[in-house]
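Chains, contacts and geometry: an overview
Residue strings, one per chain:
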Amino acid sequence: MKNVAAMERSRLCVSEIKNKQRRHLMFMKLKQEKRKVAMKKKKKKERDALGDKAPPKEVPKTIENQRVYDETTVNPEDEEVAFDEGTDEFSAYFNRLTNPKVLITTSDRPRGRTVRFCNQLATVIPDAHVYYRRGLALKKVIPQCIARGFTYLMVINEDRKVPNGMVLCHLPDGPTAHFKVSSVRLRKEMKRRGKDPTEHSPEVILNNFTTRLGHSMGRLFAALFPHDPQFVGRQVATFHNQRDFIFFRFHRYIFKNEQRVGIQELGPRFTLKLRSLQKGTFDSKFGEYEWVLKRHENDVCRRRFNL
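The name given to the chain in an unreviewed UniProt entry is Ribosome production factor 1, and the organism recorded there is Oncorhynchus mykiss. What UniProt states about the chain under its Function (unreviewed entry) heading is, verbatim, "May be required for ribosome biogenesis." The record held by UniProt for the chain lists under Subcellular location (unreviewed entry) the comment "Nucleus, Nucleolus".

Below, the discussion takes up the overall build of the chain. Helix and strand counts for the chain come out as seven helices and eleven strands. A compact globule built from 307 residues should have a C-alpha radius of gyration of about 19 Å, whereas the chain, at 25 Å, is more than 25% larger. Reported as C-alpha extents along the three principal axes, the dimensions of the chain are approximately 75 × 50 × 50 Å. Within the span of the chain, comprising 307 residues, buried residues form 36% of the whole. Within the chain, residue pairs in contact and separated by at least 24 positions form 64% of the contacts whose partners lie at least 6 positions apart. With the model as given, the accessible surface of the chain reaches about 20500 Å², and the carbon-plus-sulfur share is 51%. The centroid of the 62 positive side-chain charges in the chain is displaced by 13 Å from the centroid of its 36 negative side-chain charges.

Our next topic: the pairing of strand S6 (residues 203–207). Examined bridge by bridge, S6 and strand S7 (residues 235–242) share five bridges and lie parallel to one another. By the bridge assignment for S7, Asn-207 is matched with His-240. Between the parallel pair S6 and S7, the chain is carried across by helix H7 (residues 212–222), and the sense of this crossover is left-handed.

With that settled, the discussion passes to the packing of aromatic side chains. This model, assessed by the stated rule, comprises nine aromatic pairs. Ring geometry for Tyr-93 versus Phe-94: centroids 4.9 Å apart, planes at 85°, classification edge-to-face. Judged by relative accessible area, which is 36%, Phe-94 ranks as partly exposed. Note on Phe-117 and Phe-270: the rings are 5.4 Å apart at their centroids and 85° apart in plane angle, and the pair reads as edge-to-face. Of this pair, Phe-117 sits in helix H5 (residues 112–124) while Phe-270 sits in strand S10 (residues 269–278), placing them 153 residues apart in sequence. No difference in accessibility class separates Phe-117 from Phe-270, as the two residues are buried. Note that Lys-101 overlies the ring of Phe-150, its terminal NZ or CZ placed 4.6 Å from the centroid. A cation over a ring is seen here: Lys-273 above Phe-245, with NZ or CZ 4.5 Å from the ring centre.

Turning our attention to the side chain of Glu-265. Within the secondary structure layout, Glu-265 lies in strand S9 (residues 261–265). Look at Glu-265 and you get buried, because its relative accessible area is 14%. For Glu-265, the side chain forms a polar contact with the side chain of Arg-269, separated by 2.7 Å. The contacts of Glu-265, once residues within four sequence positions are left out, are Met-190, Arg-193, Gly-194, Arg-249, Phe-250 and His-251.

Right, let's talk about the pattern of salt bridges for a bit. Applying the stated criterion across every chain, the model contains nine salt bridges. Here Arg-96 and Asp-228 are joined by a salt bridge, their closest N and O atoms 3.1 Å apart. Residue Arg-96 is found in the loop between helix H4 (91–94) and strand S1 (102–106), and its partner Asp-228 is found in the loop between H7 and S7; the two are separated by 132 residues along the sequence. Connected via shared salt-bridge partners are Arg-249, Glu-265 and Arg-269.

A negative phi holds for most residues other than glycine; trans holds for most peptide bonds. Cis peptide bonds are those with omega within 30 degrees of zero, and the linkage from Gly-174 to Pro-175 qualifies with 5°. Tracing the backbone through its elements, the reader meets Pro-175 in the loop between strand S4 (162–170) and strand S5 (176–185). Residue Pro-268 follows Gly-267 across a cis peptide bond; omega there is 0°. Following the sequence through the fold, Pro-268 ends up in the loop between S9 and S10. The phi dihedral of Arg-134 falls on the positive side, at around 55°, and the residue is not glycine. Structurally, Arg-134 is set in the loop between strand S2 (128–130) and helix H6 (138–147). Backbone geometry at Asp-244 places phi at a positive 70°, although glycine is not the residue there. Relative to the helices and strands, Asp-244 is located in the loop between S7 and strand S8 (245–255).

Procedures and definitions
Residues numbered from 1 in each chain as written. Predicted model: local features only at pLDDT ≥ 70, side-chain atom pairs only at ≥ 80, totals over all residues. Heavy atoms only, no water. UniProt positions renumbered as here; feature names shortened; annotations may be inferred. Helix = DSSP H or I, 4+ residues; strand = E, 2+ residues; numbered from the N terminus. Rg over C-alpha atoms; globule rule 2.2 N^0.38 Å. Buried < 20%, exposed > 50% of the residue type's maximum accessible area, 1.4 Å probe, protein only. Contact = heavy atoms within 4.5 Å. Areas by Shrake-Rupley, 256 points an atom, 1.4 Å probe, with all protein chains shown as cover. Lys, Arg positive; Asp, Glu negative; His and termini not counted. Charge placed at Lys NZ, Arg CZ, Asp CG, Glu CD. Pairing = 2+ DSSP bridges. Right-handed = clockwise from strand over helix to strand, strands pointing away. Phe/Tyr/Trp six-rings, centres within 6.5 Å; stacked < 30°, edge-to-face > 60°. Lys NZ or Arg CZ within 6 Å of the ring centre and 35° of its normal. Polar contact = N/O pair within 3.5 Å; in protein donor to acceptor, adjacent residues only side chain to side chain. Salt bridge = Lys/Arg side-chain N within 4 Å of Asp/Glu carboxyl O.

Right under this line is the structure:
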């Protein structure tokens, strides 16, 4: 009834439009919406009449559930995948032989927003330290990081005073991933955010990394955080992959009662887009690339994804 009343009001408003072409377009749009409402009512009536014999509801078509199958999709029980996990660059971390220690730095002469972004990342990732490069080349920074026991080098680049790129280099043997950074929201820019995060190690959620490349990205992000999360802190870091965009969110969950749980976003939030994955540590001239994002690669088929 509410939909019908709203449509009637809209119809009255359409009749007041003086432009003939615009009035016709709006009228046709309302007519189409009315037809959709009528079809929904008809289907509901048929389902109620059939009861238990009614056919299952149709699943709406989305780009995700119509995704083109990728040959590199990971099967958790695959022996080859298990062998690769036991011998890759992250095996020392997952075998608990190393603890993560992250150095966060920036491009030369960072501006205030980039500096604040780095400082807030350091409160999300335990045992992360922010240093300024002071004009040093990354090839000189990496040996110093390895000598001081760092397992990651994270470089935040900026353009026009806004963070726009991230280089994430796993030490000492790589790999190195280059991401485009977008939609950065710092804590003060977020509405209804919770209090600042505590020093407890968060839980890590890696969602929808299904291919071999995506599996490598998931292990790259997982190795940023300590092995055993401190559940007392009730903090969760989430990396959610959707259509090859990686959305980062940082939450605290709150127990309202025995059955209900609420969440508070703590920030910061940002979105990553993988541009390249390089073997070994950062080397812009002679580095060997495992994967590079090609321009217009997905223009042929929008349902094909890499992660």
